[in-house]
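# Chains, contacts and geometry: an overview
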Amino acid sequence: MTDTFERIGDMRCGVGESPVWHAAEAALYWTDIPNRTLWRVDPANGRIDHWAVPEMAGCMAMTADGGWLLAMETGIFRIGRLVPGQPAPVPQRVASVAHAREGMRFNDGRCDRQGRFWAGTMVMDMSLAATDGKLYRFDARTGALDVIRDEMITPNGLAFSPDGRTMYVSDSHPARQAVWAYDYDIDTGTPANGRVFIDMNRYPGRPDGAAVDADGCYWICGNDAGQVHRFTPDGRLDRSLAVPFAKPAMCAFGGSGLDTLYVTSIRTDDTDPLSGAVVALRPGVRGTPEPVLRD
């Protein structure tokens, strides 16, 4: 049994990730990582556009000039505005990354409430359970790309409380399956006092992408379990929503009232015709606006 949902378009992404609601355009953007594609949908008229990019983009964030910041395979890139019906501008690398080994890329990420960009790297072959992943902070004003946490396997679930003073990050690898919370210094962009917020071994699914609602509750995709869970700020499971695919990847609030929860997913095989789809749910709560990169 799934909760009531609306399918968005008919695309099936290899790994649909990083949904971002662009309020000024009233449009949803997201990335299909392995297919090196950025997607856009206008829910009001149903128009869908997509653009190819030269590297796998793990996540994306809005910039103040109407463009985007992309965390890809070899570093952090800026790309101009994506205009429906027109080719994508050529991405320009603004920070390079020196991976610990071959076969790595950026994965989940987003801006904090002050506009600093955060993203994690991972070894793409998850069977290795390699702890070469790192969590980076990028400051567009200085161009600095700093390692803030290392020895991660599959960093995921980045989110910030409505006041910006709590930072969340997960490791979705089966060997970890945890979400941590940090006290976050909004002036310096420094996390401290890390502690386990959720031990996902106690709940269905691995902790994948996340969002925070206006009540400060943390929504995390339960990958492999076909559910999206809502946890209160004190770490208590409030409820779980079923989605029509086994592998939800990330969720984001959107719509004119920020009261629609969009959920992307990972394509498994053709026996699951909705795997890789994007769906919209009405959870009965509102989200918070997605921050924009601070230049």
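Residues numbered from 1 in each chain as written. Predicted model: local features only at pLDDT ≥ 70, side-chain atom pairs only at ≥ 80, totals over all residues. Heavy atoms only, no water.

## Quick look at the sheet that holds strand 17 (residues 190-199)
Taking strand neighbours across the sheet as the criterion, the four strands line up as 14-15-16-17 in an open arrangement whose pairing is antiparallel. What marks the edges here is a single partner per strand, and that holds for strand 14 (155-160) and strand 17. With strand direction ignored, the average angle separating the axes of adjacent strands in the sheet is 25°. Pairing between strand 15 (residues 166-171) and strand 16 (residues 178-185): six bridges, direction antiparallel. The residue of strand 16 that forms the bridge with Thr-166 is Asp-183. (Pairing = 2+ DSSP bridges. Helix = DSSP H or I, 4+ residues; strand = E, 2+ residues; numbered from the N terminus. Axes fitted to C-alpha atoms, helices over the stretch in contact; angles between N-to-C directions.)

## A closer look at the UniProt feature "binding site: a divalent metal cation" (unreviewed entry) in the chain
Here, UniProt's "binding site: a divalent metal cation" (unreviewed entry) annotation points to Glu-17, Asn-156 and Asp-208. For the annotated residues, spread through 192 residues, the largest C-alpha to C-alpha distance comes to 10.7 Å, consistent with a single compact locus. Summarising the element assignment, Glu-17 is placed in strand 2 (residues 16-22). The residues contacting Glu-17, other than those within four sequence positions of it, are Trp-30, Thr-31, Ile-33, Gly-58, Asp-108, Asn-156, Asp-208, Ala-249, Met-250 and Thr-264. (UniProt positions renumbered as here; feature names shortened; annotations may be inferred. Contact = heavy atoms within 4.5 Å.)

## Considering the packing of aromatic side chains
Aromatic ring pairs are reported here in terms of the distance separating the ring centres and the angle at which the planes meet. Counted according to the given criterion, the structure contains 11 aromatic pairs. The interplanar angle of 45° and the centroid separation of 4.9 Å between the aromatic rings of Tyr-168 and Phe-197 together place this pair among those described as tilted. Highlighted residues: Tyr-168 in strand 15 and Phe-197 in strand 17, separated in sequence by 29 residues. The exposure class assigned to Phe-197 is buried, which follows from its relative accessible area of 13%. Ring pairs connect the aromatic residues Trp-118, Phe-160 and Tyr-184, which therefore count as one cluster. Sitting over the face of the ring of Trp-180, Arg-149 holds its NZ or CZ atom 4.1 Å from the ring centroid. (Phe/Tyr/Trp six-rings, centres within 6.5 Å; stacked < 30°, edge-to-face > 60°. Buried < 20%, exposed > 50% of the residue type's maximum accessible area, 1.4 Å probe, protein only. Lys NZ or Arg CZ within 6 Å of the ring centre and 35° of its normal.)

## A few points about the side chain of Thr-31
Within the secondary structure, Thr-31 sits in strand 3 (residues 27-32). For Thr-31, a relative accessible area of 1% translates into the label buried. A polar side-chain atom of Thr-31 sits 2.8 Å from the main-chain carbonyl oxygen of Ala-57. Excluding anything up to four places from it in sequence, Thr-31 contacts Val-15, Gly-16, Glu-17, Ser-18, Thr-37, Leu-38, Ala-57, Gly-58, Cys-59 and Met-60. (Polar contact = N/O pair within 3.5 Å; in protein donor to acceptor, adjacent residues only side chain to side chain.)

## So, the sheet that holds strand 23 (residues 260-265)
Overall, antiparallel pairing links the four strands, which are arranged 1-24-23-22 in an open sheet. At either margin of the open sheet sits one strand with a lone partner, and together these are strand 1 (6-7) and strand 22 (248-254). Bridge count for strand 22 against strand 23 is six bridges, and the pairing is antiparallel. Considered in strand 23, the bridge of Pro-248 is made with Ser-265.

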